[in-house]
Amino acid sequence: MINLLTDGEYTVFFVVLLTIILSLSFHEFGHAWAAKKFGDDTAERLGRLTLNPFRHIDPMGLLMVIMIGFGYARPVPVRPSNFTSFWAQMLVAAAGPAANLIIAVVVVNLYAYGVGAGWAFLENPQVEHAIAILVIINMVLMVFNLIPLGPLDGHYILPYFLPRALARSYVELNSKYGTFVLLGLVFAALLGLPVFRFVFEFGAALVPYINFM
């Protein structure tokens, strides 16, 4: 992202930065909201059941986003022992990516409706560009967080779709090595290897399928 500043793309930089901050905040709010619905109010008691970005954004994670284009928000704390359903852990994990999907679906369809209705301000190329950034970033965040590695949301979801013995083995292996594998992939991406290209391409490729207008 820092290259946007060095290239003089100040408006695009701030649009992307604001989009990431809001999208990460909504993602974490999704986790907190789902946890509350399934009986765990840990996040709520810690002030995380909110859309306020200051409650979710991690300064170091945000700095990483600016400097290297990859970062993180503060994980929402949960106590699985408080959950009231066998499916709760999977659904709480899925609520974060689902929140990003909801943003993308609402924005892309509202934009399509507005264009069809002749809302003049949407004819501005800068508005169109900002909408595209918002939608694609949220789709990419959704896809990325569904990767079942390390602390990403996907590692809570995948075991529910595996045979019990295989699920146990996967959980054990991921707890030991998953974070290191993920960090290795991130480091490889920073060196210029296209290890996450599929995330961006797949996220962008999904956009036409969420436009129902």
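So, how was this worked out
- Residues numbered from 1 in each chain as written.
- Predicted model: local features only at pLDDT ≥ 70, side-chain atom pairs only at ≥ 80, totals over all residues.
- Heavy atoms only, no water.
- pLDDT = per-residue confidence, 0-100.
- Helix = DSSP H or I, 4+ residues; strand = E, 2+ residues; numbered from the N terminus.
- Phe/Tyr/Trp six-rings, centres within 6.5 Å; stacked < 30°, edge-to-face > 60°.
- Buried < 20%, exposed > 50% of the residue type's maximum accessible area, 1.4 Å probe, protein only.
- Core = buried A, V, L, I, M, F, W, Y, C linked by side-chain atoms within 4.5 Å.
- Contact = heavy atoms within 4.5 Å.
- Axes fitted to C-alpha atoms, helices over the stretch in contact; angles between N-to-C directions.
- Parallel < 35°, antiparallel > 145°, perpendicular 65-115°, else oblique.
- Left-handed = near helix turned anticlockwise from the far one by under 90°.
- Nonpolar A, V, L, I, M, F, W, Y, C, P; charged D, E, K, R; others polar.
- Polar contact = N/O pair within 3.5 Å; in protein donor to acceptor, adjacent residues only side chain to side chain.
- Salt bridge = Lys/Arg side-chain N within 4 Å of Asp/Glu carboxyl O.
- Expected span 1.5 Å × (residues − 1).

### Side note on the confidence of the model for the chain
Here comes step 1: Considering every residue of the chain, the mean pLDDT works out to 91; 100% of them sit at 70 or more.
Here comes step 2: Across the chain, element-level confidence peaks in helix H7 (residues 154-157) with a mean pLDDT of 96 and bottoms out in helix H1 (residues 2-6) with 74.

### Here's the deal with the packing of aromatic side chains
Here comes step 1: Under the defined criterion, the tally for this structure stands at eight aromatic pairs.
Here comes step 2: When the centroid spacing of 5.5 Å and the interplanar angle of 75° are considered together, the rings of Phe 144 and Phe 196 count as edge-to-face. With a gap of 52 residues between them, Phe 144 in helix H6 (residues 125-145) and Phe 196 in the loop between helix H8 (164-190) and helix H9 (197-205) connect regions that are remote in the sequence. Comparing Phe 144 with Phe 196 shows no difference in burial state: the two are buried.
Here comes step 3: Clustering of aromatic rings is evident, with ring pairs tying together Phe 86, Trp 87 and Tyr 160.

### Regarding the nonpolar core
Here comes step 1: Core analysis: the biggest nonpolar cluster contains 19 residues, and Val 135, Met 139, Phe 144, Ile 147, Phe 196 and Val 199 have the highest contact counts within it.
Here comes step 2: Top element by residues in this core is H6. It accounts for six residues.
Here comes step 3: If we ignore the near neighbours within four places in the chain, the residues touching Phe 196 are Phe 144, Ile 147, Leu 182, Leu 185, Val 186 and Ala 189.
Here comes step 4: Core analysis: the next-biggest nonpolar cluster, separate from the first, contains 15 residues, Phe 13, Leu 24, Ile 57 and Ile 137 among them.

### A closer look at the environment of Phe 83
Here comes step 1: Looking at where Phe 83 falls in the secondary structure, it is placed in the loop between helix H4 (59-68) and helix H5 (88-117).
Here comes step 2: Sequence separation of Phe 83 and Gly 192 is 109 residues, and the distance between their C-alpha atoms is 42 Å.
Here comes step 3: Sequence-distant contacts of Phe 83, defined by excluding residues within four places in its chain, comprise Ala 35, Phe 38, Asp 40, Val 78, Ala 88, Gln 89 and Val 92.

### Let's talk about the packing of helix H2 (residues 10-37) against H6
Here comes step 1: Put simply, H2 and H6 touch, their axes get as near as 10 Å, and they point 40° apart. With respect to H6, the element H2 is oriented oblique. Taken as a pair, H2 and H6 cross one another with a handedness that is right-handed. For the pair formed by H2 and H6, the contact residues are Val 12, Val 15, Val 16, Thr 19, Ile 20, Ser 23, Leu 24 and His 27 on the first element and His 129, Ala 130, Ile 133, Leu 134, Ile 137, Asn 138, Leu 141 and Asn 145 on the second.
Here comes step 2: Residue composition of the contact of H2 with H6, by class: ten nonpolar, six polar and no charged.

### Looking at the side chain of Asn 138
Here comes step 1: Mapped onto the secondary structure, Asn 138 falls in helix H6.
Here comes step 2: At a separation of 2.9 Å, a polar atom in the side chain of Asn 138 contacts the main-chain carbonyl oxygen of Leu 134.

### A closer look at the pattern of salt bridges
Here comes step 1: For the structure on display, the rule yields three salt bridges.
Here comes step 2: Linking Glu 172 and Lys 176 is a salt bridge whose minimum nitrogen-to-oxygen distance equals 3.3 Å. Here Glu 172 and its partner Lys 176 are both found in helix H8, four residues apart, which amounts to about one turn of the helix.

### Some thoughts on the packing of H2 against H5
Here comes step 1: At a closest axis distance of 7 Å, the pairing of H2 and H5 adopts a crossing angle of 140°. The orientation of H2 with respect to H5, classified from their angle, is oblique. Crossing of H2 against H5: the hand is right-handed. Contacts from Ser 23, Phe 26, His 27, Gly 30, His 31, Ala 34 and Ala 35 of H2 reach H5 at Leu 91, Val 92, Ala 93, Ala 95, Gly 96, Pro 97, Ala 99, Asn 100 and Ile 103.
Here comes step 2: Tallied by class, residues from the contact of H2 with H5 come to ten nonpolar, six polar and no charged.

### Focus on the environment of Pro 53
Here comes step 1: By the secondary structure assignment, Pro 53 is in the loop between helix H3 (42-45) and H4.
Here comes step 2: Each C-alpha atom, one on Pro 53 and one on Gln 126, is 24 Å from the other, the two residues being 73 residues apart in sequence.
Here comes step 3: Leaving out residues up to four positions away in the same chain, Pro 53 has contacts with Ile 21, Leu 22 and Ser 25.

### Some details on H2
Here comes step 1: If you check H2, its first and last C-alpha atoms are 41 Å apart, about what 28 residues at 1.5 Å a residue would give, namely 40 Å.
Here comes step 2: Directly after H2, the chain includes Gly 39, whose backbone phi takes a positive value near 100°.

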